[in-house]
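What follows is each chain in one-letter form.
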Amino acid sequence: MSSLAEPVAKLVRELSKLPGIGPKSAQRLTYYLLRSPDEEAKTLAEAILALKEKISLCSICFNITDCDPCPICQDKKRDYSIICVVEKPSDIMPLERTGKYNGVYHVLHGTINPAEGRGPEELKIKELLSRLQNGAVKEVILATNPTVEGGATALYLTDLIKSLGVKVTRIAYGIPMGSEIEYSDGMTLSKALEGRREI
Ligand SMILES: [Zn+2]
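Parameters at a glance
Residues numbered from 1 in each chain as written. Predicted model: local features only at pLDDT ≥ 70, side-chain atom pairs only at ≥ 80, totals over all residues. Heavy atoms only, no water. pLDDT = per-residue confidence, 0-100. Helix = DSSP H or I, 4+ residues; strand = E, 2+ residues; numbered from the N terminus. Donors = N, O, S within 2.8 Å, 3.2 Å for Na, K, Ca; no water. Buried < 20%, exposed > 50% of the residue type's maximum accessible area, 1.4 Å probe, protein only. Axes fitted to C-alpha atoms, helices over the stretch in contact; angles between N-to-C directions. Parallel < 35°, antiparallel > 145°, perpendicular 65-115°, else oblique. Left-handed = near helix turned anticlockwise from the far one by under 90°. Contact = heavy atoms within 4.5 Å. Nonpolar A, V, L, I, M, F, W, Y, C, P; charged D, E, K, R; others polar.

## Quick look at the confidence of the model for the protein
- With 96% of its residues at a pLDDT of 70 or more, the protein has an overall mean of 90.
- The weakest mean pLDDT in the protein belongs to helix α8 (residues 186-194) at 78; the strongest belongs to strand β4 (residues 103-107) at 98.

Given below as structure tokens:
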């Protein structure tokens, strides 16, 4: 690595930290950028900066957004009486793509995972419960992943939500155990939503 010019070595190092990018890919991307027009590299750099500067969390659902409330929470055509609870912002897009869901969302930002020191207080659970206080929400769909942590989190939430008199459903898992919503296809997810059961 020391034989590389420092700016080259630095970009290779930084790109290697990205998921799915090994040192070889990082090097290929770096040399590609080096050869590409200044404008192209600049646009990429600006896009990365804007991502961090302009993106924040929606104050209602905690999805990532560049306006607050986010476009989904602002959409008057959506059914505000149903909230679909997901683990992370990237779970929303696949559910939206099914075209089968017209309610709103709540992003927990993780799962309960004692092994990693993550308890319920690290997640947006308080915020979810406060959305249920005024009686306008009739159903909460738990769409956490079919993993041990996703299941434990759903179980924890079920009691809390039921105690507020709100119906709780869990999406049906045609999604294989251990796999994730983020990577599920639209057909599987549509079926999972339609087949949700009250718990
Ligand atoms: Zn929102």
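## Observations concerning the coordination of the zinc ion
- The zinc ion binds to the protein through Cys-58 (SG), Cys-61 (SG), Cys-70 (SG) and Cys-73 (SG), with metal-donor distances spanning 2.3 Å.
- Ordering the donors of the zinc ion by residue number gives the pattern C-x2-C-x8-C-x2-C. For the pair Cys-58 and Cys-61, one class covers both residues: buried.

## Quick notes on the packing of helix α1 (residues 6-16) against helix α2 (residues 23-35)
- At a closest axis distance of 8 Å, the pairing of α1 and α2 adopts a crossing angle of 130°. It follows that α1 is oblique to α2 by the angle criterion. Seen from above, α1 lies across α2 with right-handed handedness. Of the residues in α2, those touching α1 at Val-8, Leu-11, Val-12, Leu-15 and Ser-16 are Pro-23, Ala-26, Gln-27, Leu-29, Thr-30, Tyr-31, Leu-33 and Leu-34.
- Grouping the constituent residues of the contact of α1 with α2 by class yields 10 nonpolar, 3 polar and no charged.

## Remarks on the environment of Ile-92
- Inspection of the secondary structure puts Ile-92 in helix α5 (residues 92-97).
- Spatially, the C-alpha atoms of Ile-92 and Ala-143 are 10.0 Å apart, while their sequence positions differ by 51 residues.
- Apart from the residues lying within four places of it in its own chain, the contact partners of Ile-92 are Asn-63, Ile-72, Val-86, Tyr-105 and Val-107.

## Quick look at the environment of Ala-154
- Assignment of secondary structure puts Ala-154 in helix α7 (residues 148-162).
- Ala-154 sits in the buried class, given a relative accessible area of 3%.
- Separated by 15 residues in sequence, Ala-154 and Thr-169 have C-alpha atoms that sit 9.7 Å apart.
- Not counting chain neighbours up to four residues away, the residues in contact with Ala-154 comprise Leu-142, Thr-144 and Arg-170.

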